[in-house]
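Summary of structural features
The chain contents come next:
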Amino acid sequence: MVSQSTTFQALRDNAAYHARLISAISELDYVPSALKHQTSYVDDLQTRLKQSEAQLKKLSEMTNKERKEHEYLRDSTARRLAHKLTGRKDQFQAMVTKEEREYVEALEKELAERDTYNLLVSMAEEAKREKADLAEKVVRYEALKKELADLYMQVFDEYPEDDRLEYQVQSTQALHDQIQDTLNAECRVCEILAHADRTMNACEAQVKEALTHSQRAQALAKQTESLCKQARNVSPFVESIGPLKIAQGVEWDAAQRRADNAGNQLIEVAQTLETERLVLASYRKEVFQRISREEEHSTLSDQPPGYSTASAQSEASAASGAPLAQEPVEFSRSMTASPQPMSSTISSPPPRWGSRNPYAATLAIRSRPPSYDQS
């Protein structure tokens with residue numbers, strides 16, 4: 001069994017170190033949930049990218065086939081002459097027109113799918129960068145938690161009340177992480193639907209300009225449909241979306257309300273988590289003070305008659321509150337640094353719950369559709 005004197009010394013020596021650990025861990029609480037969500041998002045993008053790549057290959061082969069048939073018929077002087085000599089010139093021209101139309105339609109489908117593929121490539125690259133950033137933060141977060149667990153194992157290994165309070169903190173932490181998951185998903189949906197809104201608006205503009213832009217309009221419509229499917233993959237609450245709903249922002253509004261609701265819940269649970277952590281810290285402080293008093297009493301009992309009470313009180317006071325000249329454990333500066341927000345060029349103010357989840361807040365800031373800006 002660890003002696004009270006040893007426990008007292010461990011508490012005293014690691015007080016500042018413990019406080020810094022707690023602060024650093026609190027700043028990174030959002031990271032595990034964010035990485036889990038981002039990993040799922042990247043996996044979904046990779047799956048859809050492979051599907052688009054296969055479809056693009058298929059459409060490219062079809063385009064080549066239609067082009068060859070069209071060019072063969074168009075450039076066949078012998079067949080053109082034969083139809084002309086037999087009085088079937090109009091029939092031949094109709095065949096050429098038909099082959100040309102089929103070739104153009106195949107080409108339009110290929111180009112639309114290529115636009116979708118390029119969009120997915122861009123989104124996947126950005127998502128992977130964000131995932132890598134979160135993965136680095138998770139490594140730091142887990143290292144900090146291990147250091148904290150090791151510290152507690154050394155100091156509070158034989159205190160049942162400490163175990164009970166810590167279990168309560170862990171239970172609230174689980175609820176906290178669940179709400180973070182919901183918030184991350186709904187903010188991601190808002191971002192995707194905002195992108196869908198922009199592509200839909202561009203599609204409508206192309207249609208209004210002239211029928212000659214139909215190819216580009218079809219490509220944008222396909223991108224919009226792809227983004228809507230992606231939104232449904234992220235959140236089960238997203239309904240099957242029609243173009244009109246996108247233009248009106250119906251689903252975006254619903255996702256934004258769900259995100260705000262989750263954000264408000266996150267604030268409450270995060271406050272509860274902080275309170276429970278403070279209760280746990282307060283209990284440990286009481287243990288510290290109790291051991292300090294017992295240590296003081298033991299020291300007074302063991303001193304010779306010439307040892308003054310004032311001297312003992314001075315030593316106890318120093319033990320319970322004096323700043324440390326040197327910390328016993330080296331604490332890496334990189335581990336205490338605040339998490340850096342994901343890069344964004346948008347200067348909109350963060351949501352009220354933004355400090356609780358910088359990852360979701362970044363998604364929320366860049367997600368409002370242009371048609372819904374209130375500036």
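Starting afresh in each chain, residues are numbered from 1 along the sequence in its written order. Given that this is a predicted model, residues contribute local features only at a pLDDT of at least 70 and side-chain atom pairs are listed and counted only at 80 or more, while totals for whole chains, interfaces and linings are drawn from all residues. To get the side-chain values, take all heavy atoms of the structure and skip hydrogens and water.

Bringing the pattern of salt bridges into the picture now. Here a salt bridge means any side-chain nitrogen of Lys or Arg lying within 4 Å of a carboxyl oxygen belonging to Asp or Glu. This model, assessed by the stated rule, comprises 14 salt bridges. Arg188 is the salt-bridge partner of Glu130, the closest N and O atoms lying 3.4 Å from each other. Highlighted residues: Glu130 in helix α4 (residues 89-155) and Arg188 in helix α5 (residues 160-209), separated in sequence by 58 residues. Each member of the pair, Glu130 as well as Arg188, is classed as buried. Among the salt bridges present, the one from Glu161 reaches Arg164, with a minimum N-O distance of 2.7 Å. A residue pair is termed a helical-turn pair when its members lie 3 or 4 positions apart in one helix, as Glu161 and Arg164 do in helix α5 at 3 residues. Between buried and exposed lies partly exposed: a residue is buried under 20% and exposed over 50% of the maximum accessible area for its type, with that area taken using a 1.4 Å probe on protein chains only. Taking relative accessible area as the criterion, Arg164 reaches 44% and is therefore assigned partly exposed. A single network of salt bridges, built from pairs that share partners, joins Glu130, Arg188 and Glu191. Secondary structure elements are defined from DSSP: runs of H or I of at least 4 residues count as helices, runs of E of at least 2 residues count as strands, and each element is numbered from the N terminus.

On to the state of the cysteines, then. Two cysteine sulfurs form what is called a disulfide whenever their separation falls within 2.5 Å. This model, assessed by the stated rule, comprises 0 disulfides. For the unlinked cysteine Cys187, the closest cysteine sulfur is that of Cys190, found at 6.0 Å. The class of Cys187 is buried, set by a relative accessible area of 1%.

Attention now moves to the nonpolar core. In terms of nonpolar packing, the biggest core is built from 39 residues, with Leu183, Cys187 and Trp353 touching the most fellow members. At the level of elements, α1 (4-27), α2 (31-74), α4, α5, α8 (250-302) and α11 (358-365) are the ones that each hand at least two residues to this core. Per-element tally for this core: the top contributor is α8, with 9 residues. Not counting residues within four places of it along the chain, the set of residues in contact with Trp353 comprises Leu183, Cys187, Ala259, Asp260, Gly263, Asn264, Ile267, Ala360, Ala361 and Ala364. Among buried residues, the Ala, Val, Leu, Ile, Met, Phe, Trp, Tyr and Cys ones that are joined through side-chain atoms within 4.5 Å form a nonpolar core. Residues count as neighbours in contact if any of their non-hydrogen atoms are within 4.5 Å of one another.

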